[in-house]
Amino acid sequence: MAKTERGGHSLEDQLAERRRMHAKRQIVQSPQTPPVKKARKESTKWEKEYLQATRNQQIDALASSSGQKRFAFDFADDDDVKIKPEAYMKPNLKPADRTTMRYQNGALRLTRTSGRASNRNAVGWKDIFEKDSIVGMFSNFFFIENDALFRHLPLGHGSRKAEIIIGRDIRYDDQIVTAASSSKTSFNQKEHQDLSRDLAKRYRFMHGPNYEAIYPKATGPVHSKMAAIKYLDSTGDPFLRLLITSCNAMEIDFAGGSNHHFIQDFPALKPGKRRAKNEFGLNLFSHLEELGCPAEFVDSLKTYDFSTASVSLILSHPGTHKDISALGLGRLGQLSSEVIQGFKTKKLQLESCTASVGQLPELWLHQAWHLLTGRPISSIPQQCDSDDDLPPIRIIYPTQTTGDRSTPEAREAASEMGCHANFKTRSKEFQRLFHDYKDKVNGLLTHQKQYLLLHPSSQTPLFLVFGSHNFSKNAFGDITFTKQGGEPRLKLNNFELSVFVKGEDIEGMLAPGSSWEDFVTYRRPAQPYQLHGPVKDRPFSSGAWGAGGFH
């Protein structure tokens, strides 16, 4: 069986273990659902019969639902149901079910874990997903615990028909086993299309015709974690709530481990106001399109005002890219160069705290530091000497001892943690980059992906970055060079999405009276690994996969 860089364990083994672990938490089929058929022909047969038998009932139910005709259904063939949005921006909603804009200035929030129940900067599911007020949503998460997410959404055959579009990595959808009778970990284009269609029909059958399942095709993980949720305010005006997070859509991430959220509410453009070109909006639209969000939904977002965006976006899209500054590591370097002006680069330090740590070759670390410190793309190093000092980077990651001493619930929540850097065989200088993660809430671990750029003369970080990017080449990109001319290129494997916050803006996005350190979940200064003596520290790896999580 093929080995991968994830600690020598095959992707097939990791997937099997992941499916076993999450089987207990995934939503089960309703009693009305016919028995699962293993053969694809049989599984589509009962779905076809169901759609045929309930065609008129579905149309009648939609037409009479709260007096609304929010969607039209086109039964072009017996196999498929297509949702056609008629009115994205002005759906009717009873005044009692409307909500208010609570995050219009942008908010930085922590997950409401044990030990943070009264923390003013901590939020839970219901603070973000207000089920009775949602009139539309697009989301993408890497892992989804169906029951945990779906209970917060207006789904169901008899529910109010808000358009709910949910994207995820097709390889990690637990329905894949029953829908396709397959344990494959990769699919060609036709297999991906066929399986996506079968899964979408299955979800519509189980959760209602307003559920649209999409599965982006990618060489690596579809790792972005976000939601764009449409609401109406108390006056009936629409607004958009955007969530960008380090959480998978799972209870163990939202409540069991330390994670970060960015949340901002955006109002609709006022009548007659033209949409100005806005970098934040353009990047958001680009990312949603890459994730396969329907064009109609993306177009509907262009009627919101993103001029108030309080952060910048860092995107990663699979492929080899000529414009390095647009994505991944190059984008981070471009944004960093704007905030480090006036500071001596020799005193800068990067503090990285992520749930998964990549192999981190020395050359890649030098290239990353080159861009972070504002030096030009044209002079990115193509090689480094073994005696070159490594950049001043602190990698905050729990030791095996810290992981073993955490609570069983915390270890389950950290089931995707892993360090892939072959720690024992690396140089002492590399090992000295590692510092122990000690959560401020005793016994907790983390699934976060956070970066702080620090300078001794600044009372706040120069920047804060968090979202889905782990500290790895797969997430931020590998710098390659063309054979002719040696032109740099950025090779990306994953879909990723993170936010970049200027240091001067951090405290204004926290609860009043908060310090920027209140958003940091670990105790600072973090202590370096013990590398001498009879017991030497080593990075924690979750026992779930033996080698840890994705990067």
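Attention in this report is confined to the structure presented alongside it.

What counts, and where the lines are drawn
Residues numbered from 1 in each chain as written. Predicted model: local features only at pLDDT ≥ 70, side-chain atom pairs only at ≥ 80, totals over all residues. Heavy atoms only, no water. Helix = DSSP H or I, 4+ residues; strand = E, 2+ residues; numbered from the N terminus. Buried < 20%, exposed > 50% of the residue type's maximum accessible area, 1.4 Å probe, protein only. Contact = heavy atoms within 4.5 Å. Pairing = 2+ DSSP bridges. Axes fitted to C-alpha atoms, helices over the stretch in contact; angles between N-to-C directions.

Okay, unusual backbone geometry next. For the bond running from Arg-524 to Pro-525, omega is -5°, close enough to zero to count as cis. On the secondary structure map, Pro-525 appears in the segment after β22 (496–502). Here Leu-360, not a glycine, exhibits a phi torsion of approximately 50°, which is positive. Position of Leu-360 relative to the elements: it lies in the loop between β14 (356–357) and α12 (362–372). Even without a glycine there, the phi angle at Asn-422 is positive, about 50°. Given a relative accessible area of 52%, Asn-422 falls into the exposed group.

Attention now moves to the environment of Tyr-522. The topology assignment puts Tyr-522 in the segment after β22. Judged by its relative accessible area of 0%, Tyr-522 is buried. On a C-alpha basis, the gap between Tyr-522 and Leu-445 in space is 9.3 Å, while along the polypeptide they are 77 residues apart. Excluding residues within four positions of it along the chain, Tyr-522 makes contact with Glu-351, Cys-353, Ile-396, Tyr-437, Lys-438, Asp-439, Lys-440, Gln-448, Gln-450 and Leu-452.

Attention shifts here to the sheet that holds strand β19 (residues 463–467). Pairing in this open sheet of seven strands is mixed, and the strands run β11-β22-β19-β18-β13-β15-β17 from one edge to the other. Unpaired on one side and paired on the other, β11 (312–316) and β17 (434–435) mark the two borders of the sheet. The sheet contact formed by strand β13 (residues 349–354) and strand β15 (residues 393–396) spans four bridges and is parallel. Bridge pairing in β15 places Ser-352 opposite Ile-395. With respect to the sheet, helix α11 (residues 328–339) is in contact with β11, β18 (449–454), β19 and β22, its orientation differing from that of β11 by roughly 155°. Against the sheet, α12 contacts β13, β15, β18 and β19, and its axis sits at roughly 120° relative to β13.

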